[in-house]
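# Examination of the molecular architecture
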Amino acid sequence: MILKFLRLLKIFTVVIKYGLDEIAMSGLRVPRTARIINGIFFWRRITTPRAIRLRLALEELGPIFIKFGQVLSTRRDLMPPDIADELSLLQDRVPPFGSDLAIAQITRSLGAHPDQLFASFDPVPVASASIAQVHFATLKNGREVAVKVLRPGMKKTIDEDIALMHIATALIEKVWAESRRLKPREVVAEFDKYLHDELDLMREAANASQLRRNFADSTLLMVPEMFWDYCSSSVIVMERMRGIPVSQIDRLAAEGVDLKKLSSDGVEIFFTQVFRDGFFHADMHPGNILVSVEPESFGRYIALDFGIVGTLNDFDKDYLSQNFLAFFRRDYKRVAEAHIESGWAPRDTRVDELESAVRACCEPIFDRPLKDISFGQILLRLFQTSRRFNVEVQPQLVLLQKTLLNIEGLGRQLDPDLDLWKTAKPYLESWMAEQVGWRGFVERFKAEAPRYAHIFPQLPRLMHQALEHHSHPHGATNHEMMQQVLMEVRRSNRLLGFLAWLVGGVTSGLLLAALLARYGTA
């Protein structure tokens, strides 16, 4: 409890130190409140621009707040340009930790000093993120690699911040009735899970290996190879990738990269990960995406940092694909029906009313380039609609929503004229044809054939068990009672049979004795 209080005090101190209260109050029509706060903290002299103060505060507060800033940096439609520009620096300028700590971490995790493990090792980090930092090295066989080292003491810091978030959500649920629909506890729990997953670098290496296998034959995306002999939970070694950060538009254009194609390729990569694989890179901010300018892989995306990935089951994919296609076809009735059928909206929701509300939110976005769409206004109207119809936020899709925000941000930077919907619609229609058409049926049947071969011989027994279970719906207790009744019936039948044989025997004996007596005297 003391640690939580100290962390809360730390957050409050940072807020006051950098004048974040002033930034928050500036958007509200409460000048009197702002003057009172400034009077309480009269000793402050705030002259640094607000965007720089916000960035410095997030860096001082640690990894969770840094990641929040990274997400915000891609949404230039939701914040002033000065803040968006400054938060983008969080992706590349997080202060590194000491090289001696990195070398100690490598030695402890891999059992040998970097000088023994590698032909060469650069102690100066080339990149520093909120969770880890990266050093370049060369293996003894000549392969150039990148060595990712976990920041010391990260688990403790994250645990403290997550604990405060849990306390905050508990208070919010008590004082804000709307919070039940938004499920803040479930959202924080999901965030907690993925943050702790990111602390295990072996999990990240496995995620990268899976994504590399999924795109092994792709001409759109490259994923570095992992060297498993040099990987542990706090250190991983991967293939060194060379490229230009996707956010450096001028450099990409100077190298001759087709930015329009690059933006549409990014949309295709996203939908391929989501709907074909159900496994997607969920931390796609510009700092984690490079573009290759090497002759053999020119114009391909390069994905980095696989600490956070998302997975979708078949139900999620089917639900999302139906909704996407319904949106693209402007079939708002189907959108409303899908929300009710899935349980996202209450069962008693009127389809026509929800359909009308969704149409009012989404119709303005079609047939317009991305640069002319105000996603902030659309999100606000969708929120108002969801509140009106009590549509529940689904925690399992939080990462997908976050990734969609990143994709929109990347699309805006690469090609402001990109029409996200028209780019994605043909791909989704093709995917749906493969899933629900004849070809999809054949492929699923082939995939399930070994299972069917095992089940078919058991069908008579399984059908008998199902019928028997249907006859006794109250479970095992009634089944046992019925077995006892049957045993009593069988016992009674055997007794009756014995009595029948006994009566028959006695009767036959008496008849035989009478006949012998009659004919014997004759």
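Just so you know, these numbers come straight off a predicted model, no measurement behind them. (Residues numbered from 1 in each chain as written. Predicted model: local features only at pLDDT ≥ 70, side-chain atom pairs only at ≥ 80, totals over all residues. Heavy atoms only, no water.)

## Regarding the layout of surface pockets
Taken as a whole, the second largest pocket encloses approximately 880 Å³ of empty space. Residue assignment for the lining of the second largest pocket shows that the elements contributing at least two residues are helix H5 (63–73), strand S2 (127–128), strand S3 (132–138), strand S4 (144–150) and strand S6 (235–239). No other element matches S3, which puts four residues into the lining of the second largest pocket. The residue makeup of the lining of the second largest pocket, split by class, is 14 nonpolar, eleven polar and ten charged. (1 Å grid on protein atoms, 1.4 Å probe; cavity = no way out; pocket = protein on both sides within 12 Å on 5 of 7 lines; lining within 4 Å. Points joined across faces, edges and corners; volume = space filled by probe spheres on them. Helix = DSSP H or I, 4+ residues; strand = E, 2+ residues; numbered from the N terminus. Nonpolar A, V, L, I, M, F, W, Y, C, P; charged D, E, K, R; others polar.)

## Structural notes on the packing of aromatic side chains
All chains considered together, the criterion is met by four aromatic pairs. Note on phenylalanine 118 and phenylalanine 121: the rings are 6.0 Å apart at their centroids and 20 degrees apart in plane angle, and the pair reads as stacked. With a centroid separation of 5.8 Å and 10 degrees between ring planes, the pair formed by phenylalanine 271 and phenylalanine 275 is classed as stacked. Of this pair, phenylalanine 271 and phenylalanine 275 are both found in helix H14 (residues 259–277), four residues apart, which corresponds to roughly one turn of the helix. Its relative accessible area of 4% is what places phenylalanine 271 among the buried residues. Accessibility expressed as a relative area gives 1% for phenylalanine 275, which makes it buried. Through a chain of ring-to-ring contacts, three or more aromatic side chains come together here, namely Phe118, Phe121 and Tyr230. It is arginine 240 that lies over the ring of phenylalanine 136; its NZ or CZ is 3.7 Å from the centre. Taking the ring centre of phenylalanine 215 as reference, the NZ or CZ of arginine 276 above it sits at 5.2 Å. (Phe/Tyr/Trp six-rings, centres within 6.5 Å; stacked < 30°, edge-to-face > 60°. Buried < 20%, exposed > 50% of the residue type's maximum accessible area, 1.4 Å probe, protein only. Lys NZ or Arg CZ within 6 Å of the ring centre and 35° of its normal.)

## Concerning the nonpolar core
Counting 61 residues, the largest nonpolar core has Ile158, Leu252, Leu262, Phe271, Phe275 and Tyr301 as its most contacted members. If one sorts the elements of this core by residue count, H14 sits on top with eight residues. Residues Ala112, Ala137, Leu139 and Val145 belong to the second largest nonpolar core, which totals 15 residues. (Core = buried A, V, L, I, M, F, W, Y, C linked by side-chain atoms within 4.5 Å.)

## What about the environment of arginine 242?
By the secondary structure assignment, arginine 242 is in the loop between S6 and strand S7 (244–245). For arginine 242, a relative accessible area of 39% translates into the label partly exposed. Considering only alpha carbons, one finds arginine 242 and leucine 290, 48 residues apart in sequence, at a separation of 7.9 Å. Residue contacts for arginine 242: discarding those within four places in its chain leaves Glu144, Ser292, Glu294 and Ile302. A distance of 2.4 Å separates the side chain of arginine 242 from the side chain of glutamate 144, its partner in a polar contact. (Contact = heavy atoms within 4.5 Å. Polar contact = N/O pair within 3.5 Å; in protein donor to acceptor, adjacent residues only side chain to side chain.)

## Describing the sheet that holds strand S10 (residues 301–303)
If you trace the four strands from one edge of the open sheet to the other, you get S5-S10-S9-S7, paired in mixed fashion. The open sheet has two edge strands, strand S5 (221–222) and S7, and neither has a second partner. By the bridge criterion, three bridges tie strand S9 (residues 289–291) to S10 in an arrangement that is antiparallel. Residue valine 291 lies in a different strand from S10, and its bridge partner there is tyrosine 301. (Pairing = 2+ DSSP bridges.)

## Considerations on the side chain of threonine 349
Residue placement: threonine 349 occurs in the loop between helix H16 (332–342) and helix H17 (351–362). Among residues more than four places away in sequence, those in contact with threonine 349 are Ile340, Leu354 and Phe389.

## Some remarks on the packing of H16 against H17
For the pair H16 and H17, the least separation of the axes is 8 Å and the interaxial angle reads 120 degrees. One finds that H16 runs oblique with respect to H17. Considering how the two elements wind past one another, H16 and H17 form a crossing that is right-handed. Listed contacts from H17 to Tyr332, Lys333, Val335, Ala336, Glu337, His339 and Ile340 of H16 are Val351, Leu354, Glu355, Val358, Arg359 and Cys362. By residue class, the composition of the contact of H16 with H17 is eight nonpolar, one polar and four charged. (Axes fitted to C-alpha atoms, helices over the stretch in contact; angles between N-to-C directions. Parallel < 35°, antiparallel > 145°, perpendicular 65-115°, else oblique. Left-handed = near helix turned anticlockwise from the far one by under 90°.)

## Focus: helix H7 (residues 99–110)
With twelve residues, H7 extends 16 Å from end C-alpha to end C-alpha; this agrees with the ideal 16 Å at 1.5 Å per step. Listed in full, the buried residues belonging to H7 are Ala102, Gln105 and Ile106. Viewed along the axis of H7, the buried residues span an arc of 95 degrees, placing them on a single side of the element. Exposed side chains of H7 directed beyond 90 degrees from the buried face belong to Asp100 and Arg108. Its buried side turned inward, H7 meets helix H8 (114–117), strand S1 (120–121), S3, S4 and S6. (Expected span 1.5 Å × (residues − 1). Arc of directions from axis to C-beta.)

## Focus on a nonpolar patch on the surface
There is a patch of nonpolar side chains on the surface, built from Ile2, Phe5, Leu6, Leu9 and Phe12 and spanning about 550 Å² of accessible area. One can find phenylalanine 5 in helix H1 (residues 2–17). A relative accessible area of 54% places phenylalanine 5 in the exposed class. (Patch = residues over 30% accessible without salt bridge, like charges linked within 9 Å, V, L, I, M, F, W, Y side chains within 5 Å. Areas by Shrake-Rupley, 256 points an atom, 1.4 Å probe, with all protein chains shown as cover. Salt bridge = Lys/Arg side-chain N within 4 Å of Asp/Glu carboxyl O.)

## Here's the deal with the pattern of salt bridges
Where charged atoms from two side chains of opposite charge approach closely, those side chains can pair. By the definition in use, this model includes 15 salt bridges. For arginine 55, the salt bridge goes to glutamate 59, with nearest N and O atoms at 3.2 Å. On the criterion of helical spacing, the pair formed by arginine 55 and glutamate 59 is a turn pair, its members being four residues apart in helix H4 (residues 50–61). The residues arginine 55 and glutamate 59 share a single accessibility class, namely buried. In this structure, glutamate 86 engages arginine 55 in a salt bridge whose closest nitrogen and oxygen atoms are separated by 2.4 Å. Here the residue glutamate 86 occupies a position in helix H6 (residues 81–87), and arginine 55 occupies one in helix H4, the gap between them amounting to 31 residues.

## A closer look at the environment of valine 257
Topologically, valine 257 is positioned in the loop between helix H13 (249–254) and H14. Measuring from C-alpha to C-alpha, the distance between valine 257 and valine 291 comes to 8.8 Å, with 34 residues separating the pair along the chain. Discounting residues that sit within four places of it in the chain, valine 257 has contacts with Leu252, Leu262, Val291, Val293 and Phe298.

## Considering empty space enclosed by the protein
For the coordinates displayed, the defined rule picks out two cavities of 30 Å³ or more. A volume near 180 Å³ is recorded for the largest cavity. Forming the walls of the largest cavity are 21 residues, and the residues nearest its centre are Gly266, Met284, Tyr301, Ile407 and Leu410. If one sorts the elements of the lining of the largest cavity by residue count, H14 sits on top with six residues. In terms of residue class, the lining of the largest cavity is built from 15 nonpolar, five polar and one charged.

These figures capture arrangement, not role.
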